2 protein chains.
Amino acid sequence: MQHLSIFNGISQEELSRMLRCFHAVQKTFRRGQQIQTYSSSLKKIGILLSGKAHLYCVDFDGSYTLLERFGPDDLFGEMFSLPLWGLEYIVEADTDCQVLFVLYEDIIKRCPNACDHHSQLSDNLFQIITRKSQALSLRINLLTARTVRQRLLHYLTYQQKLKGEGSFSIDMSLTELAEYLGVDRSSLMREIRVLKSEGALASKGRLFSLSGNLPWQTRKKNGGSS
Amino acid sequence: MQHLSIFNGISQEELSRMLRCFHAVQKTFRRGQQIQTYSSSLKKIGILLSGKAHLYCVDFDGSYTLLERFGPDDLFGEMFSLPLWGLEYIVEADTDCQVLFVLYEDIIKRCPNACDHHSQLSDNLFQIITRKSQALSLRINLLTARTVRQRLLHYLTYQQKLKGEGSFSIDMSLTELAEYLGVDRSSLMREIRVLKSEGALASKGRLFSLSGNLPWQTRKKNGGSS
DNA sequence: CTTCATCTGTAGCATTTGCCACAGTTTTGT
DNA sequence: ACAAAACTGTGGCAAATGCTACAGATGAAG
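The shown structure was predicted, so the numbers you read here are calculated from the model rather than taken from an experiment.

A. The overall build of chain A, seen in detail. Secondary structure assignment for chain A yields six helices and 11 strands. Within chain A, counting contacts between residues at least 6 apart in sequence, those at least 24 apart form 70% of the total. Just so you have it, chain A exposes about 11100 Å², and 49% of that area is on carbon and sulfur atoms.

B. Main features of the sheet that holds strand S6 (residues 75-76) of chain A. All names here are of chain A. In spatial order, the strands read S1-S8-S3-S6; together these four strands make up an open sheet with antiparallel pairing. With one partner strand each, in any of the chains shown, strand S1 (25-29) and S6 form the two edges of the open sheet. Bridge count for strand S3 (residues 44-50) against strand S8 (residues 97-103) is six bridges, and the pairing is antiparallel. Looking across to S8, one finds that Leu48 is bridged to Val99.

C. Inspection of the sheet that holds strand S6 (residues 75-76) of chain B at higher detail. Residues and elements named next belong to chain B. Taken together, four strands build an open sheet; the order of strands is S1-S8-S3-S6 and the sheet is antiparallel. Edge strands, defined here as strands with exactly one partner in the open sheet, are strand S1 (25-29) and S6. As defined by bridge partners, S1 adjoins strand S8 (residues 97-103) across five bridges and the pair is classed as antiparallel. Bridging across to S8, Phe29 finds its partner in Cys97.

What counts and how
Residues numbered from 1 in each chain as written. Chains lettered and ligands numbered in written order. Predicted model: local features only at pLDDT ≥ 70, side-chain atom pairs only at ≥ 80, totals over all residues. Heavy atoms only, no water. Helix = DSSP H or I, 4+ residues; strand = E, 2+ residues; numbered from the N terminus. Contact = heavy atoms within 4.5 Å. Areas by Shrake-Rupley, 256 points an atom, 1.4 Å probe, with all protein chains shown as cover. Pairing = 2+ DSSP bridges.

Next up, the structure:
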C-alpha cells in the first residue's frame, strides 16, 4: 500500500500509525456497486487502492454523462468535482475495488499526535490534484477542436509523443475513445477509415501508426482550378 | 493584498515578512504583453493580483486555442497545465495587470525562518487548485454535450441556478461564450435565434431568461401525427 | 465447447454545424 | 467628438456529424 503516490516517502510503519491517527476507513466494493454519491459528506476524499471505477452524473434530462475514469492511485470526492449544480454525482465500481476514505482536514491540518509526515502527505496530495488538473486541461484541449478529425489527430499525436516512435496501441477501447473525444462512435470509425484511405495513418483495432505530415484540415477545398 | 484567497488568514504584517522569505517577485504588465511562456521555469507559480489575462497554446498547425481565462486571485503556471506536449503555452495580459511570482517549493516546504503560516498557505493553495479543477470539470461537462443546443442550454441552466430566478446576464461576451462552448459563433447565434423562435428562452445581448421546460432534444422528431 | 456480452467495422440519410461574407451596433481609445 | 476596434446579428451553402441498424470479431463466463 505504501507504493501509492499519495503515500510516497512514508514508511509502512509510519503509515499504519497515521491511518489510525486520521480515522481512515478502508472498504471493498463489488463490480457495479455505488462507491460514493456526492451529496451529504463534505470533504471526504476517496483513494482508489485497486480496481477501476468511474464518475458520472445524472443530467437534467435524465441522461447520464461520464465525467471521469479512475484507476489505482486516483482520488475522487466532491472537492474535485463541482459543489454546486443540482445534479447527482455517482462513483461506481467498474470492477471489484478497494477504496480508502479519509477526511481532507485530517490530512492538511497537523494532528495532535506526533505524526510529522503530514507535510509530506499534503505535498503528495497537491501533486496528485495537480496532475488531475493537467489531465482535465488536456482533455479540454482535445474537446475544443471543432472537427472529429482534429480531435482524433490531436489525441493520436499526443499518444505518439508519449509512447515513442513507431506504432503504438492506445489504452482505451475505441468505444471509450469516442466518448473521451466527445464524438459519436460511428463517426470516429468513419474518420479513421477516411484517414486510412488518405494514407495519413495505419491502424488495426487499438493499434495505430502515424505517417509524417498529417492532414489537419479537410474543409476549405479551395484548391479547385480556374 | 491580504484579501487574496491564497493569503487568507494571514496578516498583512506576517505576509510581507513571508513574501521576503520566499523570494516573491511582483511585476506589472501592460495589456497585450506576454506574462509567462511555459518552457524553462519549472515550478513557478503566478498569482494574478489585479487585471485579466488568459492562457492559450499554439497548436501543431499553428492555430491557437484559448485554454483558460484568469481574473484576480487566479493561479497559473506549468504545474497547472501540461508539462509534456510540445506545444507552446503563453499567458497574455488582457488588461494591465499585476502578477506575483513564487516558487512552489517555497510555499509547500517549511522554511528555516520562523514563518509558521506556511501550512495555512498550503491549505489555501490547495483550495484554489481544487476550485480550478472544479471549473475544468464543469467545462468538460459542457463540451461533452453533442449539440450546440445542449451545450448552450447546459450553460444557461447552470447560470440560472447561480444567479437565482428571473432573467440574468452572463459574464462573457457572446463571442467568448462561443469559444468557451467550443462552437462557431454564428452557429451559437443561430441556435439562440431558433430557441427564441421556439419560445424556450428570451434574450437580448447578454441578457437571458429561460422558460419552464426546455427542449433539449431537437432530433428524433418522431412526434409527427398519424 | 457453448453462450452471452462487448467491441469493431460499415452504410445510408437527415440534421446540424462550420465557414464565409456582410451590416448595424456598441465600446474603446485618442 | 471622432475614429477604430470589437461585438451582435443574419443568411446561404457545402461539409461534417449524429443517428440508426446491422454483421462479424473478440473475449469472458459457465
